[in-house]
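# Secondary and tertiary structure notes
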Amino acid sequence: MDLEIGPFQNHVKKESWKTVLTLAYQSLGVVYGDLSTSPLYVYKSTFAEDIRHSETNEEIFGVLSFVFWTLTLVPLLKYVFIVLRADDNGEGGTFALYSLLCRHARVNSLPSCQVADEELYEYKKDNIGLAPSSNFGARLKSTLEKHRVLQRFLLVLALIGTCMVIGDGVLTPAISVFSAVSGLELSMSNEHHKYVEVPVACIILIGLFALQHYGTHRVGFLFAPVVLTWLLCISAIGVYNIVHWNPHVYQALSPYYMYKFLRKTQRGGWMSLGGILLCITGSEAMFADLGHFSQLSIKIAFTSLVYPSLVLAYMGQAAYLSKHHFVDNDYRIGFYVSVPDKLRWPVLVIAILAAVVGSQAIITGTFSIIKQCSALGCFPRVKIVHTSSKIHGQIYIPEINWTLLLLCLAVTVGFRDTKRMGNASGLAVITVMLVTTCLMSLVIVLCWHKSVFLAIGFVFFFGTIEALYFTASLIKFLEGAWVPIALSFIFLIIMCVWHFGTRKKYEFDVQNKVSINWLLSLGPSLGIVRVRGIGLVQTELVSGIPSIFSHFVTNLPAFHQVLVFLCIKSVPVPHVKPDERFLVGHIGPREYRLYRCIVRYGYRDFHKDDMEFEKDLVCSIAEFIRSGSTELAGANEDVGKEDNKMTVVGTCSTNTDGIQLSEDDGDIIELASTSEMREIRSPPVIYPRKRVRFIIPESPQIDRAAREELHELMEAREAGIAYILGHSYMRAKQGSSMLKKLVINYGYEFLRRNSRAPAYPLSVPHASTLEVGMVYHV
């Protein structure tokens, strides 16, 4: 449910109030679907077992006071006024905070970082590199950069928050849909509704997940109206109940009623906080979905509509319950008992639709955060399907989708009540918030350069509130709270094993890369026959020659006339601008026709298909050849022991005044000649091929060597591109510890065999792929 128009739309968001209000309206369906459906189950979960509603109304008024102040302090004060400001170039979420810290304190977990990455626009846009203003901040930064243990702890902390978000992706659809469907209990007898609720909820969940591969862009326009209708509905019912049943319920908003509540209920009241906590379920989405909207639009939507609607809804339920104290076997405290009889069926329909919309938001958010984890080397490679050609952020991950469905059905069928579902969901929600609070304290000191006392005050104030709710949720471990812990533990093990194996593989590649002197000794022909075409040798190295290349040269009788060592990597920024996408350089002398091309993506970027990528790749190499002959101004350097100068080159669409590539299926079609452009064409061939030509600027002049190099590149492109992939098998060295052998030989290898191949993002055609296997002993 991603309304992102493009990766660099943040400048457009602030153009006018009309744009801001439109984004605020759209955010209702994406951001607030989960939060707005919380009145369905908060009171029911709170009064499920630990406390009882009595005629003194102290319990219901105390719960209302807790709900009001929790909504005010956490979503409103913490997220709207503080956390939303900690965006990573417009992006939000756990990984956005971690990305900010990685760039400010150099604690990045990606092994393939380069100095040139720090020249990216989004990397240095927010004054990165400035030393913290306080001595404590400088010491903290130095300590984090020196100690690997602290860096790993920071990564694990971010991964714990991420795993809890994934766990929430399982629990939120289950509790939201089940709570909405539970309205049937007031419309049919006990004997029947308990046999209807679970099957109906399961059918809705199956339909919801089965439709994910179609994408939400076709029905996304319905999400905001559904949530808007729901918010207006619950606020109107709330006002009716307040006026009709108890106009003085507003007095319960006083914090004094929290004290009275705890004094009377004591341990039971503390344990019931796990149900009250559910009133802020979905608050994290305001920050996580920041990249699709803007700070101002999210703030306007929450403060002007969502927050007052929720407060009125909870006040209305409390007003109704304060006048209805009778309790019998058929009576349960819940949302639907406070709805007038004549409105229950329409409200039931709207509630189910709102629950589906809220579930859709968390499912899409789970897809998005797993894509980010995969991009940053913390999750096995999965199939990522872009469901919309216009809205790049809308993705679908089949493996995760069906896994979430099975887990959702298991939770729904296994628990069959909102009490245990609420215990599980509450622990997942509060853990994510605690992680955000911890990371925010570091952001305040290291990124915002504020006083350490401000960071301590932030942690102490919000951490105390969240720790209180956390303990109340954790005490329900055996009553459902074990589910998010178990799910998070499984996903955390998967992430840590994959990250460890990926780092070890990269370190092996670095230690065993081939010397440049060995390459020079082969001569321009590399000691073998050079055949027509371009060979793309995929590697994860950003410098040096991978050991797999010497393996190729030793075992293959011929090689392509143009060889490109291609490295596709992620950098710790959300987006990389298209004109900064490629880093291109020579390997060895120019006549060897060996190039290194590093393609950089942000953790929120999407990868193009193979045909468009091939065109951009060839164009970037051609532009590098031209710029190398004229010493293009503004080229960045990444100087290494074995690498020549590397130049930043954009895609074809960004290099409008540079070399353009044209491909024709038949004869070459002449373009209108101008005084500024001329063409370099490929020579005629006797067999049918796609004809290729470069259109290059008239000025500045290109020297003869560069012209010959362009001709050869053009011939090679016309002959075709072959992908040369290394297929590695990892084994722990003899003498390694039992834990390392278990992680590498079994854990990592199992994940590698069952995940997508490294070249999958390019959709490499099998007919053009050459794969050679090697065994790595790490």
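Structure: see above.
Residues numbered from 1 in each chain as written. Predicted model: local features only at pLDDT ≥ 70, side-chain atom pairs only at ≥ 80, totals over all residues. Heavy atoms only, no water.

## Topic: unusual backbone geometry
The criterion, for reference: Helix numbering and strand numbering both begin at the N terminus, where a helix is a DSSP run of H or I of at least 4 residues and a strand a DSSP run of E of at least 2. The buried label goes to any residue with under 20% of its type's maximum accessible area, the exposed label to any with over 50%, and the partly exposed label to all in between, with areas taken from a 1.4 Å probe on protein chains only.
In this structure, H449 is a non-glycine residue whose phi angle is positive, near 60 degrees. If you trace the backbone, H449 turns up in the loop between α19 (418–447) and α20 (452–474). We note that R593 has phi near 60 degrees; this positive angle belongs to a residue other than glycine. As for its position among the elements, R593 is in the loop between β5 (582–586) and β6 (594–602). You can call R593 buried: its relative accessible area is 10%.

## A short note on a nonpolar patch on the surface
Rules: Residues qualify for a patch when their relative accessible area is over 30% and they have no salt bridge, like charges being joined within 9 Å and the nonpolar side chains of Val, Leu, Ile, Met, Phe, Trp and Tyr within 5 Å. Surface accessibility follows the Shrake-Rupley procedure with a 1.4 Å probe radius. Residue values consider only the protein chains on display as shielding. Salt bridge, as used here: a side-chain nitrogen of Lys or Arg that lies within 4 Å of a carboxyl oxygen of Asp or Glu.
A contiguous nonpolar patch, built from L474, F477, L478 and W482 and spanning about 420 Å² of accessible area, is present on the exposed surface. Topologically, W482 is positioned in helix α21 (residues 482–511).

## Observations regarding the pairing of strand β4 (residues 558–571)
Keep this limit in mind: The criterion for strand pairing is that DSSP finds at least two bridges linking the strands in question.
A large share of β4 lies buried, amounting to 12 of its 14 residues. Relative to β4, strand β3 (residues 529–538) runs parallel, the two being bridged by 8 bridges. Among the inter-strand pairings, R530 is bridged to a residue of β4, identified as F559. In terms of strand pairing, β4 meets β6 through 9 bridges, oriented parallel. Across the sheet, the residue bridging to L563 is L594, located in β6.

## A few points about the nonpolar core
Side chains of nonpolar character tend, in soluble globular proteins, to be buried together. Note the following rule: Nonpolar cores are built from buried Ala, Val, Leu, Ile, Met, Phe, Trp, Tyr and Cys residues. Side-chain atoms within 4.5 Å join them into one set.
One finds Y32, Y43, L64, W230, F302 and Y314 to be the most contacted residues of the largest nonpolar core, which totals 170 residues. Of all hydrophobic cores here, the second largest spans 27 residues; its members include Y595, L713, A716 and I721.

## Considerations on the packing of aromatic side chains
As a reminder of what qualifies: Here a pair means two rings of Phe, Tyr or Trp (six-membered ring of Trp) with centres within 6.5 Å. Their orientation is stacked below 30 degrees between planes, edge-to-face above 60, and tilted elsewhere. Two thresholds decide whether a charge sits over a ring: the Lys NZ or Arg CZ must be within 6 Å of the ring centre and within 35 degrees of the ring normal.
Inspection of every chain in the model, using the stated rule, returns 16 aromatic pairs. The interplanar angle of 40 degrees and the centroid separation of 5.8 Å between the aromatic rings of F302 and Y307 together place this pair among those described as tilted. With respect to class, F302 is no different from Y307; both count as buried. By way of ring pairs, the aromatic residues F61, Y256, Y257 and Y259 are connected into one cluster. Sitting over the ring of W448, R85 keeps its end group 4.7 Å from the ring centre.

## Observations concerning helix α16 (residues 295–322)
Just so we agree on the cut-off: Take the residue count of a helix, subtract one, and multiply by 1.5 Å to get its expected span. The bend reported for a residue corresponds to the angle between axes fitted to the seven residues ending at that residue and the seven starting there.
Compared with the 40 Å implied by 1.5 Å per residue over 28 residues, the 38 Å span of α16 between its first and last C-alpha is a close match. At F302, α16 shows its maximal kink, close to 40 degrees. Counted residue by residue, α16 has 21 buried out of 28 residues, so it is predominantly covered.

## Notes on the side chain of S755
Our working rule: Within 3.5 Å is the distance limit for a polar contact, defined as a pair of N or O atoms, with the added protein rule that one can donate a hydrogen and the other accept it, and that residues adjacent in sequence qualify only through two side-chain atoms.
Inspection of the secondary structure puts S755 in the loop between α26 (738–753) and β12 (769–777). With a relative accessible area of 14%, S755 lands in the buried category. In this structure the side chain of S755 is engaged in a polar contact, spanning 3.2 Å, whose partner is the backbone oxygen of R752.

## Things to note about the environment of V531
Put simply, the rule reads: Note on definitions: a residue-residue contact is assigned when non-hydrogen atoms from the two residues lie within 4.5 Å.
By secondary structure assignment, the location of V531 is in strand β3. Since its relative accessible area comes to 34%, V531 is described here as partly exposed. As a C-alpha pair, V531 and F559 span 28 residues in sequence and 5.9 Å in three-dimensional space. The residues contacting V531, other than those within four sequence positions of it, are A558, F559, H560 and Q561.

## Structural notes on the state of the cysteines
Test applied: The disulfide definition used here is simple: a pair of cysteine sulfur atoms within 2.5 Å.
Tallying each qualifying case throughout the model produces 0 disulfides. Here C163 is not cross-linked by a disulfide; its sulfur's nearest cysteine counterpart is in C373, at 7.3 Å. Judged by relative accessible area, C163 falls into the buried class, the value being 1%.

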